[in-house]
Structure formats: structure tokens, C-alpha cells
Amino acid sequence: MRCILLIVVTLAVMFARPAAGQEAPATWKAGAAAIVITPPEPMWMAGYAGRDKPAEGKLTDLWAKALVLEDGAGQRAVLVTLDLVGIGRDVSQSICQRLEQQHGFERRQIALCVSHTHTGPVVGRNLGPMHYVRLDDTHRAAVDRYTDFLEDQVAAAVTEALAKRAPAKVAWGSGSATFAVNRRNNSEPRVPELRAEGALRGPVDYDVPVLAVRDGAGTLTALVFGYACHATVLSFYQWSGDYPGFAQMELEKAHPGCVALFWAGCGADQNPLPRRTVEKAQEYGAQLAASVNRVVDGVMQSIPPSLNTNYREIPLPLAPLPSREEIARDTQSDNPYVASRARTLLQQLEAGPLNATYPYPVQCWRLGDEVQWVFLGGEVVVDYAVRLKAELQGRRTWCAGYSNDVMAYIPSRRVLAEGGYEGASSMIYYGLPTVWAPELEDTIVAEAQRQANPPVETSPAAAHELEE
Ligand SMILES: [Zn+2]
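Residues numbered from 1 in each chain as written. Predicted model: local features only at pLDDT ≥ 70, side-chain atom pairs only at ≥ 80, totals over all residues. Heavy atoms only, no water.

For the rest of this paragraph, the subject is empty space enclosed by the protein. By the definition in use, this model includes four cavities of 30 Å³ or more. When its volume is computed, the largest cavity comes out at roughly 60 Å³. What lines the largest cavity is Asp205, Asp207, Pro209, Gly226, Tyr227, Ala228, Trp263, Gly265, Lys389, Trp398 and Cys399. At the level of elements, strand E8 (207–214), strand E9 (220–227) and strand E18 (396–400) are the ones that each hand at least two residues to the lining of the largest cavity. (1 Å grid on protein atoms, 1.4 Å probe; cavity = no way out; pocket = protein on both sides within 12 Å on 5 of 7 lines; lining within 4 Å. Points joined across faces, edges and corners; volume = space filled by probe spheres on them. Helix = DSSP H or I, 4+ residues; strand = E, 2+ residues; numbered from the N terminus.)

This is the structure:
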């Protein structure tokens, strides 16, 4: 009897397994989730120096969204997008530690991106000198409560996305949208006239990269898209996702059940112009969603299920540091932001010398052999996207800014030399002691090159490519 049972079991196992050479093709698994992160209580808004009171209401909700991707070999990554101005290194580390403890994600497998909406809340100590100069203890306590709430919500979104993982097909395409204007090289009041004349000056990055995730039935379950332009249409006292929020809402309405995730590109020197009305925010959101939909409705390139994730923090050099005497003098400055930064720097000096470098995050993911996705920290100017897309060969390059830690503006060598807000004065609002050193651009690009361009190998998924 035992012998017959053994034969039956053996036969069952033999027939259950495909014959050699006919293994079931490896497949992506994907899961996406969205959760509201609109502040549950009145609190201060982030992004503009001139704010003088907390938010007064809500135009649209703010969202944290998570997309978990798992390749044919079980390699995972999670993309988190947030309708926020920015997050600092401390919040980023705290979220990543939690995702590691709860779900085993390594740092390289987590990308945290923000939309840079300027109608979102203050988070942690990000942009400290800009905001803390106006916040009393009550408002600071509200910021701390919100930051805890945010971390809880992100963890919940990732847990849900993991739970929803199911076999999926992943494809990419690229559209374009033209409402971004280089704000350093065009006068804002003259933009309508310059646009009509075709006389707007760049550089710009009009690309709208799209990643589409579909379930076994071909239904869209997630759309990931990016655009290199500040989310600064709105500057009022209502919570809103600005144009990226409207674009995500439009796509989720058009594709029921789909989670739309937006990441900001290297648009630190780009503004959506003209601006300042809700209608304009809706209009640019609709333009962006229409561009994504044209990509989705067209022929997209299938991505075989292989995933490669990298992350490294590099010591990004600052210019020579100010002396203690110079900082002490700044505490008496008429400029409240300069004085606020100086007070913070003096506190830091109590603990030891200031750092001459900043641990700057560079992250690169490769999806199949098709797409290399570079995530850069800070407010990155468009020159980086132009350069990386030209120099990183072999695959389509996507460049996200505002990723993992928004610690400062990241000017190119050109913008640093030119100075101005993006090159110099914005460092005050972020609390860094001085401007970057000229070698920052080459240092960042070299690290992106190192991560993105190892020799192209034949991945386990390569054979599957033919079947897609
Ligand atoms: Zn900005």
C-alpha cells in the first residue's frame, strides 16, 4: 500500500512539473496601494518663505502611494511617492528602518520620491530655517505629530501593496508635456508672449516617462509617471497636490482601480507658467494625464521581469566652511532666515566641527535591460537630466530628483557658477552652512554612471524577452 502511494505521489509530482526546458515563464509580481496623508489637524505649510499662518482647509487630499515590484527571481523593490514638498534624511532613514524591520527591504530596494507640491505640510526639520523661524512650540509639536503620522501611513501603504502582490506585466513608454518653463532664463510675466513667439529659452526636460503595470487580465493596476517641473502653481492656504495631484486624480478616474504615482524629475529650475490659479493647476494636471494616456493607449515596450537595485550615499563636497566668528555675526543679520540658519549652525558647532561634505543619496534601478532609473536627492536642476540621458548609454534613462532626502538645491556646475537662488541663496533655507563645491556635478554623475552602467549581462529574464 505504501509502495502504491509512493508511486502515485511520484507520478503526481512528475506530471505537476513541466518537462525540462518548459518551465513556466518567470513573471513580475506587483502590488500598489494609496493612503491619505492630508494633515488631520490644522498646521503649517511648507515651501514658501513668506507664509504667515497655518493651512485653512483642503482643495484636494494628499496621498502616499506605494508600488511593490518583484522580479522573476524574487528580487523586490518598493517605490513610494508622496504629495509633499520634501522629506529630510532623518525621516527617510526612519521610514527605511521600519520597512526593513517589517518587511525585510534593504535600503537599495526602497525609493522615496516627493512631488514637491508647495501646498503640503512642513515635515520634520526639513527646510528648518525657512519654517522654524515662524513656528512656536504648539506648531512645532503639530509638525512632530504629523511626521509620526506620515511614517505610519507610509508603512501602512507598503504593507498593503505587498499584500496585493499578484502576477503582472510591466511596460514602459514616454510622452511629453510642455508647460515647464526654465525660470532662470525667462521672465515670468513675459512667458505667454515668449511662448507664443516660440522664444522660450531652455534648458528644459519635457519628457513624461511612463511605467504601466497590468494584471493578468490586462487591466491597469498602477501607472508611474514623472515630470521635471516645480509643483508651484498654487501658493494659497489650502492643502493640495498642485498639478501632479490633479494629474494623478485624472488618471485614477480614467482607469478605475489603478493607483497613479507621480515622481518629480530634475525640475528645480523649472516652473509651471503661467500659474497661481486652481484652473491652471487643473489644466497642467490634465495635460500631463493626457500625455500619460497617449502613451498607455499606444504601443508600450514590455519589460522582462528582472530588477537590479543600487543605492549609495556619497560625500558631496561643500565650499570652504564659514568660521565660528562669521556664523556668530550672522545671528545678528537683518535677514531672519540667515539669522535662523546661524543659530542652528552654532548649535551644531556645540557638538563638534561642521561637516565639509554631505552624505548625498544616489540610487539607480534597472528594470529589465530596458530602463535605468536614476533617483537623485535634493532639488536637482535640469542640466543633470539632460547630461545623464545623453551620457548613460544602453538603456532608456529616467531621472528623478527630490528622492530619498531633499537636503538642498543641487545646481549643476553651470548654475553654481551663475549663482542666484538655485546656485547659492537657497542653501540658507535648507540650513546648510555654505554653497556646494564646483566638483559636485561630476561627483554625482560619476556615481550614477558607476551604478547604472555595469556591463549588460544576460539576465535569467533575457530568454523570456522573446515571448513578450
Ligand atoms: Zn523647490
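On inspection of all chains with the given rule, the structure shows 26 salt bridges. Arg98 serves as the salt-bridge partner of Asp152, at 2.7 Å between the closest nitrogen and oxygen. Taken together, the residues span a long stretch of sequence, with Asp152 in helix H4 (residues 137–163) and Arg98 in helix H2 (residues 89–103) at a distance of 54 residues. A relative accessible area of 24% means that Arg98 is categorised as partly exposed. (Salt bridge = Lys/Arg side-chain N within 4 Å of Asp/Glu carboxyl O. Buried < 20%, exposed > 50% of the residue type's maximum accessible area, 1.4 Å probe, protein only.)

The subject of this paragraph is the pairing of strand E5 (residues 110–114). Across the five residues that make up E5, a large majority, five, are buried. Here E5 shows no split at all, with Ile110, Leu112 and Val114 on one side and Ala111 and Cys113 on the other all buried. This β-α-β element, strand E4 (residues 76–82) to H2 to E5, shows right-handed connectivity. (Right-handed = clockwise from strand over helix to strand, strands pointing away.)

Two aromatic rings are characterised by how far apart their centres lie and by the angle between their planes. Tallying each qualifying case throughout the model produces 15 aromatic pairs. Ring geometry for Tyr146 against Phe149: centres 5.7 Å apart, planes inclined by 50 degrees, an arrangement best described as tilted. Of this pair, Tyr146 and Phe149 both sit in helix H4, three residues apart, which is roughly one turn of that helix. A residue is classified by how much of its surface remains accessible, and Tyr146, at 2% relative accessible area, is buried. Ring centres of Tyr337 and Tyr429 lie 5.1 Å apart, and the angle between their planes is 65 degrees; on these two criteria the pair is classed as edge-to-face. Here Tyr337 is found in helix H9 (residues 336–351), whereas its partner Tyr429 is found in helix H12 (residues 420–430), with 92 residues between them in sequence. Here Tyr337 and Tyr429 have matching classes, each one buried. The structure contains a cluster of three or more aromatic residues connected by ring pairs, namely Phe179, Phe225, Tyr227, Tyr243, Phe262 and Tyr284. In this arrangement the basic side chain of Arg51 is found over the ring face of Tyr237, its NZ or CZ atom lying 5.1 Å from the centre. (Phe/Tyr/Trp six-rings, centres within 6.5 Å; stacked < 30°, edge-to-face > 60°. Lys NZ or Arg CZ within 6 Å of the ring centre and 35° of its normal.)

Bringing the sheet that holds strand E15 (residues 357–367) into the picture now. One open sheet holds the four strands; their spatial order is E14-E15-E16-E18, and the pairing between them is mixed. Edge positions in the sheet fall to strand E14 (307–317) and E18, since each of these pairs with one other strand and no more. Looking at each pair of strands side by side, their axes are set apart by 20 degrees on average, direction ignored. Inspection of the sheet shows strand E16 (residues 371–376) paired to E18 by five bridges, in the parallel sense. Paired with Gln372 across the strands is Thr397, a residue of E18. Packed on one face of the sheet, helix H13 (residues 440–452) meets E14, E15 and E16 and runs near 160 degrees to E14. (Pairing = 2+ DSSP bridges. Axes fitted to C-alpha atoms, helices over the stretch in contact; angles between N-to-C directions. Contact = heavy atoms within 4.5 Å.)

What follows concerns the packing of H9 against H12. For the pair H9 and H12, the least separation of the axes is 8 Å and the interaxial angle reads 60 degrees. If you check the angle between H9 and H12, you find them oblique. Of the two elements, H9 crosses H12, and the hand of that crossing is left-handed. Contacts between H9 and H12 involve Tyr337, Val338 and Arg341 on the former and, on the latter, Met427, Ile428 and Tyr429. (Parallel < 35°, antiparallel > 145°, perpendicular 65-115°, else oblique. Left-handed = near helix turned anticlockwise from the far one by under 90°.)

Let us now look at the state of the cysteines. Every disulfide links exactly two cysteines, by a covalent bond between their sulfur atoms. Enumeration over the complete set of coordinates arrives at zero disulfides. Free cysteine: Cys364, not disulfide-bonded; nearest cysteine sulfur from Cys399 at 9.3 Å. With relative accessibility at 1%, the residue Cys364 sits in the buried group. Between Cys399, a free cysteine, and Cys266, which holds the nearest cysteine sulfur, the sulfur-to-sulfur gap is 5.1 Å. Under the relative-accessibility criterion, Cys399 is labelled buried at 3%. (Disulfide = S-S within 2.5 Å.)

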